[in-house]
Amino acid sequence: MLQQVQPKPVTTGPAVEAAKLVKDFGATRAVDGVSLTVPTGTIYGVLGPNGAGKTTLLRMLLGIIEPSLGSRRVLGHERPLDAAQEIGYLPEERGLYPAMHAREAIAFMGALRGLPLREARRRADALLADHGLADWAKKPIRNLSKGMAQTVQLLGTIIHKPRLIVLDEPFSGLDAINQARLEELIRGEARNGATIIFSTHVIAHAERLCERVAIIAKGKVAFDGRVDDARARLRPIVRLRTREADGPWRSVIPADARTEDDHLVFELPTSGPEPLLKALIDGGAGIEALAIERPGLHDAFVAIAGEAAAAAMAEEKLQ
Amino acid sequence: MTKLLRGAFVIGRRDFSATVLSKTFLFFLLGPLFPLLFGAIFGGIGASVANSRERPVVAVVASPADFARLAAARERLTAAVDPDRVVRLARFDAEPDLAAQQKRLLATRDPPVQAVLSNVAGQPQLVGSVRPEGTTAGQLRLILADSAAGREPLPLGVTRTQSSSGSLTRDRAATGQIGQMILFFLTLLLSTMLLSQMVEEKSNKIIEVVAAAVPIESLFVGKLFAMAAASLLGLIVWSAAGAGVIASLKAGGLATLPQPATGWPTFLALTATYFAMNYLLFGAVFLTIGAQASTVREVQTLSMPVTFGQILIFAFAATAVGSPNSGTALAAEAFPLSSPLAMVARAAQQPEILPHLAAIAWQILWIAVILRLGAALFRKTVLKSGPRLKWWRRAAKVVPMRIETRTTTEPLAPGS
């Protein structure tokens, strides 16, 4: 009855396109006119605080729920479920049958995506062995640690070698070691040609992994593009420590400069670093330390999504 | 459609294995044995008390003198054979119309009359549900020979009959009623189990993984058919055990039970079909309810009125017993949720097959409609996202300027 999943010709267009997606739940508009494009073969981050509409957006892209308005195209299909055998999905709320063995749980997810059960079991064994969980293959999920269970679910997400992998908050609940493993796994899948979309409210993960990001705030896309482009929206930051507290050099320091740990911190003037350096030397600042830092994604996020959203994300990260 | 069936097969296979291979399934199989065991214990006590009263008798249409000779001969026979195993005799005065009297006596239930013996002084005749070479006829020959007191005994003529038309109608109605009750209780038990499974599925958070991979209808259909298959397995075990019990308790086994109007094979096939229909109809309703609830408490709250509704529907369907062509019976046969139960009663009482084919098609249509509605409701109400906290609470939790500043001088290249 089941057919082996055959590799399909790779579409040349974007992996995912969304146009003016809207989702209303009663009087609440969870997603408000989101348009985005995910190029094939990229690692794409969806950033935003909880409640920003990330999960709803991903669910609409996957066809789990239908948009109130707008359209989407996933791997060339207007109905995402038509491409279900080429998609892997790890939901934010992880779920496995507690009594099921790890191997069977992975194979079950493969079978759901069209793999014959025998092949799914073979792949499950291989994946478990590759991830150091071979000894746990025939143990019920309830006996696994949280990290192991999460790994099992992730392996179930990629068992059918999907072309598009969608991960909703994949790092939440993982310790630092497992987070690093997951990052490596994501990079590995990307190297193998998969397109990866993951949502997160931890900007560091997106910064390390993503080529492109969408910043979502209050159901809207505040930015959709390359990470470098997001950073490029901000001027580089100068961190300066001087021997002299005052003098003629102070005239080149912008009025909105702030002090952090004995350093003056301010945006690099548009004239560039050389005139600044010359003015500091000529003005007798007595430079002890000077660093010109490229803004991070977090700074870009703050600027793009607004400080309130960033504060909310920082708080969620602490929780 | 292929996707739906493929998804349903994967889900059904998992559910079936999870159910049948669990230790609790053994208890599920043993479940009906407990009431049977209690029934056997208490029934055994009651049976020994009621044994002499309820054991079938042979009605003897004879004068008191003739009957006294027969009774004395019977008494002598009990000296050699266990009295409980010797045929019991009851005397009746002769009536002008012997045939009518025989028919009336055979329909008598108190005491139940197995056969009527007449013309004991001349050419004895035995009429009833007895075999010419059977134990009853054999014992009567001995008794007649003994009572002949030296005379050459005349041969006993035996005419084998079916039950009377009156008792047959009653028996068939009883068969229909028993069929209805078995279907009702089984469905009640199974649909409640299905409901619990749905809640478990939701609490395990599997549903989103499934909904992203296959049409949501697959989940419903897969679960329904997995439980149907598991219950079918149970039914086979229970039926085999039940047939064994009947065979061990009653000589002749199942063949001695009153024959339904459609005949045993057709009746059993129809009962199995209507069990499946009834289960699928109520299962679809219960799945829909389970999909709306997120906690066991919510399920209990929601399922209570539905269970009462189920009981009302059972009562409605019960009107078809005894009068399968009445207005209420026809209404019960047409109403989708009571249709399978009412049609079981019809199968026991009426021989026509065509109405059953129409009813099964009608029920299948309604199963599809309920499943469709349930899936739509499920998708609409369950898989909606949003903040875990209500938005106004979340807004209140935002701390305006607590920003963790992260900068990096050499960000890692993407994909490195």
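K.L.:
Explain the overall build of chain A to me, using residue names and the numbers behind them.
P.N.:
Secondary structure assignment for chain A yields ten helices and 13 strands. Burial status across chain A gives 47% buried among its 319 residues. Of all intrachain contacts in chain A linking residues separated by at least 6 positions in sequence, the fraction that spans at least 24 positions is 73%.

K.L.:
I'd like a description of the overall build of chain B, backed by residues and values.
P.N.:
When helices and strands are counted, chain B shows 15 helices and five strands. Considering chain B as a whole, with its 416 residues, one finds that 33% of them fall into the buried category.

K.L.:
So what's going on with the sheet that holds strand S1 (residues 16–25) of chain A? Residues and values would help.
P.N.:
Residue and element names in this part refer to chain A. Strands sit in the order S2-S1-S4 across an open sheet of three strands; the sheet is antiparallel. The open sheet has two free edges, formed respectively by strand S2 (28–38) and strand S4 (69–74), since each of these has just one partner strand. Direction aside, the axes of adjacent strands within the sheet are offset by 20 degrees on average. Here S1 runs beside S4; their pairing, made up of five bridges, is antiparallel. Of the residues in S4, the one forming a bridge with Val 16 is Val 74.

K.L.:
Any chance you could break down the pairing of strand S7 (residues 195–200) of chain A for me, citing the residues and the numbers?
P.N.:
All names here are of chain A. Burial within S7 is extensive, with six of its six residues counted as buried. Burial along S7 is two-sided: the face carrying Thr 195, Ile 197 and Ser 199 and the face carrying Ile 196, Phe 198 and Thr 200 are both buried. As paired strands, strand S3 (residues 43–47) and S7 are joined by five bridges and run parallel to one another. Looking at S7, one finds that Tyr 44 is bridged to Ile 197. With five bridges joining them, strand S6 (residues 164–168) and S7 adopt parallel strand pairing. By the bridge assignment for S7, Leu 164 is matched with Thr 195. Following the backbone out of S6, through helix H5 (residues 176–191) and into the adjacent parallel S7, one traces a crossover that is right-handed.

K.L.:
How would you summarise helix H9 (residues 297–305) of chain A if you had to cite specific residues and measurements?
P.N.:
Most of H9 of chain A sits inside the fold, with seven of its nine residues counted as buried. Positive backbone phi, approximately 100 degrees, marks Gly 306 of chain A, located one or two places after H9 of chain A.

K.L.:
With reference to specific residues and values, describe the packing of helix H10 (residues 264–292) of chain B against helix H13 (residues 339–349) of chain B.
P.N.:
All names here are of chain B. Here H10 crosses H13 at 170 degrees, and the two axes come no closer than 9 Å. For the element pair H10 / H13, the angle class is roughly antiparallel. Between H10 and H13, the contacting residues are Phe 267, Leu 270, Thr 271, Tyr 274, Met 277, Asn 278 and Leu 281 on the first element and Pro 340, Leu 341, Met 343, Val 344, Ala 347 and Ala 348 on the second. Per-class residue counts for the contact of H10 with H13 are eleven nonpolar, two polar and no charged.

K.L.:
Go over the environment of Leu 117 of chain A, please, and point to the residues and values.
P.N.:
Residue and element names in this part refer to chain A. Positionally, Leu 117 belongs in helix H3 (residues 117–130). Sequence-wise, Leu 117 and Glu 104 are 13 residues apart; in three dimensions their C-alpha atoms are separated by 9.3 Å. Excluding its chain neighbours within four sequence positions, the residues that come into contact with Leu 117 are Ala 107 and Ala 111.

K.L.:
Lay out the sheet that holds strand S11 (residues 258–260) of chain A in plain terms, naming residues and giving numbers.
P.N.:
All names here are of chain A. The sheet built from four strands is open, its strands ordered S11-S12-S10-S13 with antiparallel pairing. The open sheet is flanked by S11 and strand S13 (287–293), the only strands paired with a single partner. Averaged over all pairs of adjacent strands, the angle between their axes in this sheet comes to 25 degrees, without regard to strand direction. With four bridges joining them, strand S10 (residues 237–242) and strand S12 (residues 263–267) adopt antiparallel strand pairing. By the bridge assignment, Arg 239 is partnered in S12 with Val 265.

K.L.:
Could you give an account of the packing of helix H2 (residues 102–112) of chain A against helix H4 (residues 146–158) of chain A, with specific residues and numbers?
P.N.:
All names here are of chain A. The contact between H2 and H4 brings their axes to 8 Å, and the two run at 30 degrees. Comparing the axis directions of H2 and H4 gives the class roughly parallel. Handedness of the H2/H4 crossing: right-handed. Of the residues in H4, those touching H2 at Ala 102, Ala 105, Ile 106, Met 109 and Gly 110 are Val 152, Leu 155, Gly 156 and Thr 157. Counted by class, the contact of H2 with H4 contains six nonpolar, three polar and no charged residues.

K.L.:
Talk me through the nonpolar core; I want residue IDs and the actual numbers.
P.N.:
Judged by nonpolar contacts, the single largest core of 148 residues is most densely connected at Ile 106 of chain A together with Val 210 of chain B. The element that contributes the greatest number of residues to this core is H10 of chain B, accounting for 16 residues. If we skip the residues at most four places from it in the chain, Val 210 of chain B touches Leu 112 of chain A together with Ile 11 and Leu 219 of chain B. By size, the runner-up hydrophobic cluster in this structure holds 23 residues, among which are Ala 59, Phe 67, Ala 115 and Leu 144 of chain B.

K.L.:
I'd like to hear about the confidence of the model for chain B, residue by residue, with values.
P.N.:
All names here are of chain B. Across chain B, pLDDT averages 76, with 77% of residues at or above 70. The low-confidence segment residues 45–54 (pLDDT under 50) makes two contacts with residues lying over four places distant or belonging to another chain. Ignoring residues within four places in sequence, the model shows residues 385–416, a span with pLDDT below 50, making 59 contacts including any to other chains. If you check the scores for this complex, the pTM reads 0.67 and the ipTM reads 0.78.

K.L.:
Kindly report on helix H4 (residues 64–80) of chain B, identifying the contributing residues and their values.
P.N.:
Side chains of residues three or four places apart in an α-helix project in the same direction, reflecting 3.6 residues per turn. All names here are of chain B. The terminal C-alpha atoms of H4 lie 25 Å apart, and with 17 residues this matches the ideal 24 Å at 1.5 Å per residue to within 8%. Within the sequence span of H4, burial applies to Phe 67, Leu 70 and Arg 74. All buried residues of H4 fall inside an arc of 60 degrees around its axis, so they share one side. When the buried face of H4 is taken as reference, the exposed residues oriented beyond 90 degrees from it are Ala 65, Arg 76 and Ala 79. Elements in contact with the buried residues of H4: strand S1 (57–61), strand S2 (88–92) and helix H6 (135–147).

K.L.:
Outline the environment of Ala 30 of chain A, supporting the account with residue identities and numerical values.
P.N.:
Along the chain, Ala 30 of chain A falls in strand S2. The exposure class of Ala 30 of chain A is buried, given the 26 C-beta atoms found within 10 Å.

K.L.:
Run through unusual backbone geometry, naming residues and quoting values.
P.N.:
Phi angles above zero are rare outside glycine, and Leu 75 of chain A is one such case at about 50 degrees. Along the chain, the position of Leu 75 of chain A falls in the loop between S4 and strand S5 (87–90).

K.L.:
Before we move on, can you summarise the environment of Val 86 of chain B with the specific residues and values?
P.N.:
Residues and elements named next belong to chain B. When you line up the elements, Val 86 lands in the loop between H4 and S2. With 17 C-beta atoms counted inside 10 Å, the residue Val 86 sits in the partly exposed group. The spatial distance from the C-alpha of Val 86 to the C-alpha of Glu 75 is 9.2 Å, given a sequence separation of eleven residues. In this view, Val 86 contacts Arg 74, Leu 77, Thr 78, Val 81 and Gln 139; residues no more than four positions away in its chain are not counted.

Procedures and definitions
Residues numbered from 1 in each chain as written. Chains lettered and ligands numbered in written order. Predicted model: local features only at pLDDT ≥ 70, side-chain atom pairs only at ≥ 80, totals over all residues. Helix = DSSP H or I, 4+ residues; strand = E, 2+ residues; numbered from the N terminus. Buried ≥ 20, exposed ≤ 12 C-beta atoms within 10 Å, placed from the backbone. Contact = placed C-beta atoms within 7 Å. Pairing = 2+ DSSP bridges. Axes fitted to C-alpha atoms, helices over the stretch in contact; angles between N-to-C directions. Right-handed = clockwise from strand over helix to strand, strands pointing away. Parallel < 35°, antiparallel > 145°, perpendicular 65-115°, else oblique. Nonpolar A, V, L, I, M, F, W, Y, C, P; charged D, E, K, R; others polar. Left-handed = near helix turned anticlockwise from the far one by under 90°. Core = buried A, V, L, I, M, F, W, Y, C linked by C-beta atoms within 7 Å. pLDDT = per-residue confidence, 0-100. Expected span 1.5 Å × (residues − 1). Arc of directions from axis to C-beta.

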